[in-house]
Amino acid sequence: MDAEKLIVIGIVAAVFVGPHRLVGLAQQLAGFVRQLRHWAESTKAQVEEEIGVEIDWSELDPRRYDPRRIIRDALTHPTSASESGERASAATAVTHETQQ
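Reading guide: rules and limits
- Residues numbered from 1 in each chain as written.
- Predicted model: local features only at pLDDT ≥ 70, side-chain atom pairs only at ≥ 80, totals over all residues.
- Heavy atoms only, no water.
- Helix = DSSP H or I, 4+ residues; strand = E, 2+ residues; numbered from the N terminus.
- Areas by Shrake-Rupley, 256 points an atom, 1.4 Å probe, with all protein chains shown as cover.
- Salt bridge = Lys/Arg side-chain N within 4 Å of Asp/Glu carboxyl O.
- Buried < 20%, exposed > 50% of the residue type's maximum accessible area, 1.4 Å probe, protein only.
- pLDDT = per-residue confidence, 0-100.
- Expected span 1.5 Å × (residues − 1).
- Axes fitted to C-alpha atoms, helices over the stretch in contact; angles between N-to-C directions.
- Parallel < 35°, antiparallel > 145°, perpendicular 65-115°, else oblique.
- Left-handed = near helix turned anticlockwise from the far one by under 90°.
- Contact = heavy atoms within 4.5 Å.
- Nonpolar A, V, L, I, M, F, W, Y, C, P; charged D, E, K, R; others polar.
- Patch = residues over 30% accessible without salt bridge, like charges linked within 9 Å, V, L, I, M, F, W, Y side chains within 5 Å.

1. Regarding the overall build of the protein
Reasoning step 1: Scanning the protein for helices and strands turns up 4 helices and 0 strands.
Reasoning step 2: Each helix (α) and strand (β) of the protein, taken in turn from the N terminus, gives the series α-α-α-α.
Reasoning step 3: Split by element, the accessible area of the protein, about 9100 Å² in all, is 62% carbon and sulfur.

2. A closer look at the pattern of salt bridges
Reasoning step 1: This model, assessed by the stated rule, comprises 3 salt bridges.
Reasoning step 2: We note a salt bridge from D66 to R68, for which the minimum N-O separation is 3.5 Å.
Reasoning step 3: A relative accessible area of 24% places D66 in the partly exposed class.
Reasoning step 4: Across the pair D73 and R69 runs a salt bridge whose closest N-O atoms are separated by 2.4 Å.

3. Focus: the confidence of the model for the protein
Reasoning step 1: Looking at the protein, pLDDT values average 77 and 76% of them are 70 or higher.
Reasoning step 2: No element of the protein has a lower mean pLDDT than helix α4 (residues 81-99), at 51, and none a higher one than helix α2 (residues 19-51), at 89.

4. Comments concerning helix α1 (residues 3-17)
Reasoning step 1: Spanning 15 residues, α1 covers 20 Å between terminal C-alpha atoms, matching the ideal 21 Å at 1.5 Å per step.
Reasoning step 2: Backbone geometry just downstream of α1 places G18 in the positive-phi region, at approximately 100°.

5. Quick word on the packing of α1 against α2
Reasoning step 1: Where α1 contacts α2, the two axes come as close as 7 Å, and the packing angle between them is 120°. As the angle between them shows, α1 and α2 are arranged oblique. Viewed along their axes, α1 and α2 form a crossing whose handedness is right-handed. Along its contact with α1, which presents G10, A13, A14 and V17, the element α2 presents P19, R21, L22 and L25.
Reasoning step 2: Across the contact of α1 with α2, the residue classes break down as 6 nonpolar, 1 polar and 1 charged.

6. Here's the deal with a nonpolar patch on the surface
Reasoning step 1: Taken together, the side chains of I7, V8, I11, V12, V15 and F16 define a hydrophobic patch exposed on the protein surface, amounting to about 640 Å² of accessible area.
Reasoning step 2: Along the chain, the position of V8 falls in helix α1.

7. Things to note about the environment of K44
Reasoning step 1: With respect to the helices and strands, the residue K44 is situated in helix α2.
Reasoning step 2: For K44, a relative accessible area of 30% corresponds to the partly exposed category.
Reasoning step 3: It is 8.8 Å that separates the C-alpha atoms of K44 and I55, two residues lying 11 residues apart in sequence.

Structure representation (structure tokens):
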């Protein structure tokens, strides 16, 4: 999140909640985030312990499925000629099968 957005959220919260209660709510929010992080870390450790294999959590990161990143990667890392040839021949075979 941008610093500008955080400032706007802080101003809106100060107006609606009031500056005196805002400090207490910010402390409660910080405590909740700490508890959430602790829970996530302990859950990850428990899953790895029960499975018995160390998991590469970056493989399960939903941010890696960002369509913009996928398209950018596809455009910057073109496939090799042999891969495109295999795809073209597979597509041709499918087309011939459907025509018959």
